[in-house]
Structures are given as C-alpha cells and as structure tokens.
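Inside the fold
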Amino acid sequence: MCIYNTAHQQCPPTNHITAIASSPSRPPAPAEPDFGLDSPLGLLSSLAAAPLYLHATLRGKPKAWDDILSALPTPLLLRPTLDVGCGRGIVLLKTARRKKNLASSSPPPPAVAPAYGIDIFRTADQTGNTPRATYKNAAAMDVLDLTVLHTASFTETFPFADGVFGLVTASLSIHNAQREGRVFAVKEMARVCAPGGRVIIVDLYGYFKQHRRALEESGMRDIRVSLLGFSMIYGILPCQLLTAIKP
C-alpha cells in the first residue's frame, strides 16, 4: 500500500524522525517526555480560570486520550494512523506506544504500521513546538521506530493517498484555522481515512457543528459528539469529543 499521494508537490515529504536520528547533532533521549503547554496566549487570557486551563493541558488531556485510545479495537491500531496538528506529539506518541505494545505482545501480530503525524510547528499553538522537541519525546517514549513526522499544513491537501489510515486523530488543533481551513481539514481527514476506519477529534466547544456537517458531506457515518467533562476545560471553554466511522 502506498501511503503517500504521488501527485503531491513533495513525495514523500521529509521524515523528521529519521532525519534527526541520522544527524550528527542528534539529541540524547531525555528521561521523560515533555509536551509543553497548549497556547500560551490562551493560558494568559484565561485570567482567574488559568488553573483550570493548566489542569486541562497537563493532566486532563493526557488522561482523556489514554481513555480514548484504550477503547479502540486493536485492528485500527495495527494499520497506519495519522495525527493532524500533532505538535510535540502527545496523541501521536501515545498511539505509537500502543502500537509498540501490540508489536511486543505474544503472539505478535503479523505487522504493525507506524503512527504518522503532521504539523506546521508554530510555538503560538504550543510552547517549544518543533520537530526536534517531538523527536526527543519519541526517543523518551522509545517509539522512534514506529513514528513518522512530517511538516505539513492541515489547511492544504494532505500529502497522503486516499483511504490509507485506520485511525485519524486531531487534538485541539483544528480550531486554530479560519472557518474555511477548518472545514477543509476535516474533509481531508475523512478522505485519508480507510474504509472501516475512524476519525476522532477533540476540540473546544463550539466547532463541532461545522465538523459534523463536513464529515456528513464526506460520507462518514455513525457521527457522535459528547462533552469530555470537568478535566478538559480550557479556562471557561469545555472540550468535546467527536467520533465518526468511514463506511
């Protein structure tokens, strides 16, 4: 199976994981991953609700995604997966670590495909957001061999072929684009999702009506939206969870 869109302007795009790993300036693996803070500007604008924001970014989000990923059927994780707007890699690398655990299970599956991530690596969206930071986190979590990292914008055509990913995720990333870009990104997520695969989006309250409509127009089914609860409130804004299945 060809993962990449051969008509894309750069095919395949640079994999930052292998590029950094082969560099003379390759950083050593830290003892623990560091995923930084979501949107420093968002934290500052939270004012009195800043403690809720800090809890969501440091505790709530990791726990929410552990729960989301642990509930997924194993076959979805055996296939290639994609995290859209991956930043320093909290969802990308949690997915890769689950793949690593599956690969080392007994008996091992015939094959476990990598976890792919794309981002434009803006520090305004996340503190210290660089491919090097994501690489260091992947090294700390011992998942370099199951992680592929590209620079790509989700408001432009993804560099991937149609229907290649068993799971496509986005965590607090799509709201950073303007309305047209958000709709485009969600439709691209549906395009690269494989039949039988899932799209899972976690984002701030208020965007999911657009997301749902874009997914319906893309032919996705069984679209469900729910609130994530107290642990995922960024200042005064709660987060929602959207899941959809590709027929």
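Above: the structure in question.
Residues numbered from 1 in each chain as written. Predicted model: local features only at pLDDT ≥ 70, side-chain atom pairs only at ≥ 80, totals over all residues. Heavy atoms only, no water.

Looking now at the packing of aromatic side chains. Applying the stated criterion across every chain yields a total of 5 aromatic pairs. An angle of 75 degrees between the planes, with centres 6.3 Å apart, marks the rings of Y4 and Y116 as edge-to-face. Of this pair, Y4 sits in the segment before α1 (16-21) while Y116 sits in strand β2 (residues 115-119); the two residues are 112 residues apart in sequence, bridging distant segments of the chain. Given the relative accessible area of 9%, Y116 is considered buried. A ring pair is formed by Y116 and F165, whose centres lie 5.6 Å apart and whose planes are at 65 degrees; its orientation type is edge-to-face. Remark: F165 occurs in strand β4 (residues 165-171) and Y116 occurs in strand β2; sequence separation between them is 49 residues. For the pair shown, Y116 and F165 are each scored as buried. An aromatic cluster is defined as three or more aromatic residues linked by ring pairs; in this entry it consists of Y4, Y116, F160 and F165. (Phe/Tyr/Trp six-rings, centres within 6.5 Å; stacked < 30°, edge-to-face > 60°. Helix = DSSP H or I, 4+ residues; strand = E, 2+ residues; numbered from the N terminus. Buried < 20%, exposed > 50% of the residue type's maximum accessible area, 1.4 Å probe, protein only.)

What follows covers the pattern of salt bridges. Tallying each qualifying case throughout the model produces 8 salt bridges. A salt bridge links R88 to D34, with the nearest nitrogen and oxygen atoms 3.5 Å apart. Pair noted here: R88 is in the loop between β1 (81-84) and α5 (90-103) and D34 is in the loop between α1 and α2 (40-45), with a separation of 54 residues, a long-range link. With a shortest N-O distance of 3.0 Å, K100 and D145 are connected by a salt bridge. With a gap of 45 residues between them, K100 in helix α5 and D145 in the loop between α6 (131-140) and β3 (147-151) connect regions that are remote in the sequence. (Salt bridge = Lys/Arg side-chain N within 4 Å of Asp/Glu carboxyl O.)

Attention now moves to the packing of helix α7 (residues 179-192) against helix α8 (residues 208-217). Where α7 meets α8, the axes come as close as 9 Å, and the angle between the chain directions of the two elements is 45 degrees. It follows from the interaxial angle that α7 and α8 lie oblique. Crossing handedness for the pair α7 and α8: right-handed. Residues R179, R182, V183, V186, K187 and A190 of α7 touch α8, and the partners they reach there are Q210, H211, R213, A214, L215 and E217. Across the contact of α7 with α8, the residue classes tally to 5 nonpolar, 2 polar and 5 charged. (Axes fitted to C-alpha atoms, helices over the stretch in contact; angles between N-to-C directions. Parallel < 35°, antiparallel > 145°, perpendicular 65-115°, else oblique. Left-handed = near helix turned anticlockwise from the far one by under 90°. Contact = heavy atoms within 4.5 Å. Nonpolar A, V, L, I, M, F, W, Y, C, P; charged D, E, K, R; others polar.)

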